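Summary of structural features
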Amino acid sequence: MTLAKGESDFAAEAELNLGEFEASASFMLRLAELASYQAVSSLQTEVELSLPEQTVLVAIMMNPDARQGSIADRLHIRWPNMTKLVARLEKKKLITRRVSAEDRRVVTLTATNEGVEVARGVRERLIAYDKRALSMLDESERAQLVALLRKVVGWPSPAAKS
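Below is a summary of the structure that appears in this document. Here the structure is a predicted model, which means the values were calculated and not measured.

Some thoughts on the overall build of the chain
- Helices and strands together make up the secondary structure of the chain, namely nine helices and three strands.
- In the chain, the succession of α and β elements from N to C terminus is α-α-α-α-β-α-α-β-β-α-α-α.
- Within the chain, the fraction of its 162 residues that count as buried is 26%.
- A separation of at least 24 residues holds for 51% of the contacts in the chain among residues at least 6 apart in sequence.
- With the model as given, the accessible surface of the chain reaches about 11800 Å², and the carbon-plus-sulfur share is 56%.

Now the structure itself:
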């Protein structure tokens, strides 16, 4: 059967054999990332911020006066990229940067009132989109997935942090 360009034959796709890739955690994580990204990508159109900018803004809101480098490290953002991202958020008046008087290399970040308002909306929408992206999982499966992903990225479990 020949399909028109742009059509998808789900039965044929399900029959494709991808060999070892089907058992590859890295490959499945990549496909899950794409599916998750598709679910949250509309956030970019709702707020005039990229997804990394939104993530950083929420992290700053939740951690006032945190060091720029600490946020970059936690979110796996290269420091030069973080510097540019922070400059964009500051230009939009969503955050303020403060250079330490004791050590000029240390920069702390705080969300402005407008930044807090935007970050709260982003956070609410992101949580809703996340639930929609993982709607095929029950709460127990979702919690297990998150715990395993935290382990993969080297983050302690929330219980271990306390």
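Read on, since the account is not over.
Focus: the packing of aromatic side chains
- Within this structure, the stated rule accounts for one aromatic pair.
- Sitting above the plane of the Trp155 ring, Arg74 keeps its charged end 3.9 Å from the centroid.

A few points about the nonpolar core
- Judged by nonpolar contacts, the single largest core of 24 residues is most densely connected at Met82, Leu89 and Leu109.
- Secondary-structure elements contributing two or more residues to this core are helix H4 (51–62), helix H5 (68–74), helix H6 (79–91), strand E3 (107–111) and helix H7 (113–133).
- The contact partners of Leu109, leaving out residues within four places of it in the chain, are Ile60, Asn63, Pro64, Asp65, Ala66, Gln68, Ile71, Met82, Val86, Ile95, Thr96 and Arg97.

Describing the side chain of Gln68
- Relative to the helices and strands, Gln68 resides in helix H5.
- For Gln68, a relative accessible area of 9% puts it in the buried group.
- Those residues in contact with Gln68, other than ones at most four positions away along the chain, are Met82, Thr83, Val86, Arg97, Val107 and Leu109.

Concerning H7
- Counted at 1.5 Å a residue, the expected span for H7 with its 21 residues is 30 Å, and the 30 Å between its end C-alpha atoms agrees.
- Turning to H7, its buried residues are Gly115, Val116, Ala119, Gly121, Val122, Tyr129 and Ala133.

Observations regarding a nonpolar patch on the surface
- On the surface, Leu29, Leu149, Val152 and Val153 cluster together to form a nonpolar patch covering roughly 320 Å² of accessible area.
- With three residues, the top contributor of residues to the nonpolar patch is helix H8 (residues 139–153).
- With respect to the helices and strands, the residue Val153 is situated in helix H8.

Some words on the sheet that holds E3
- Reading across the sheet, the three strands line up as E1-E3-E2 and stay open at both edges, with antiparallel pairing between neighbours. Each having just a single partner strand, strand E1 (66–67) and strand E2 (95–99) make up the two edges of the open sheet.
- Where H4 meets the sheet, its contacts fall on E2 and E3, and the angle it forms with E3 comes to roughly 90°.

A closer look at the side chain of Thr112
- Considering the arrangement of structural elements, one finds Thr112 in the loop between E3 and H7.
- We classify Thr112 as buried; its relative accessible area is 19%.
- With sequence-adjacent residues up to four places away left out, Thr112 is seen in contact with Lys93, Leu94, Ile95 and Thr96.

Concerning the pattern of salt bridges
- In total, this model carries seven salt bridges according to the counting rule given.
- When the shortest N-O distance is used, the salt bridge between Lys92 and Glu53 registers 3.8 Å. Separated by 39 residues along the polypeptide, Lys92 in the loop between H6 and E2 and Glu53 in helix H4 bring together distant segments of the chain.
- Taking relative accessible area as the criterion, Glu53 reaches 5% and is therefore assigned buried.
- In this structure, Glu90 engages Arg97 in a salt bridge whose closest nitrogen and oxygen atoms are separated by 2.7 Å.
- When its relative accessible area of 29% is taken as the criterion, Glu90 is described as partly exposed.

Calculation rules
Residues numbered from 1 in each chain as written. Predicted model: local features only at pLDDT ≥ 70, side-chain atom pairs only at ≥ 80, totals over all residues. Heavy atoms only, no water. Helix = DSSP H or I, 4+ residues; strand = E, 2+ residues; numbered from the N terminus. Buried < 20%, exposed > 50% of the residue type's maximum accessible area, 1.4 Å probe, protein only. Contact = heavy atoms within 4.5 Å. Areas by Shrake-Rupley, 256 points an atom, 1.4 Å probe, with all protein chains shown as cover. Phe/Tyr/Trp six-rings, centres within 6.5 Å; stacked < 30°, edge-to-face > 60°. Lys NZ or Arg CZ within 6 Å of the ring centre and 35° of its normal. Core = buried A, V, L, I, M, F, W, Y, C linked by side-chain atoms within 4.5 Å. Expected span 1.5 Å × (residues − 1). Patch = residues over 30% accessible without salt bridge, like charges linked within 9 Å, V, L, I, M, F, W, Y side chains within 5 Å. Salt bridge = Lys/Arg side-chain N within 4 Å of Asp/Glu carboxyl O. Pairing = 2+ DSSP bridges. Axes fitted to C-alpha atoms, helices over the stretch in contact; angles between N-to-C directions.

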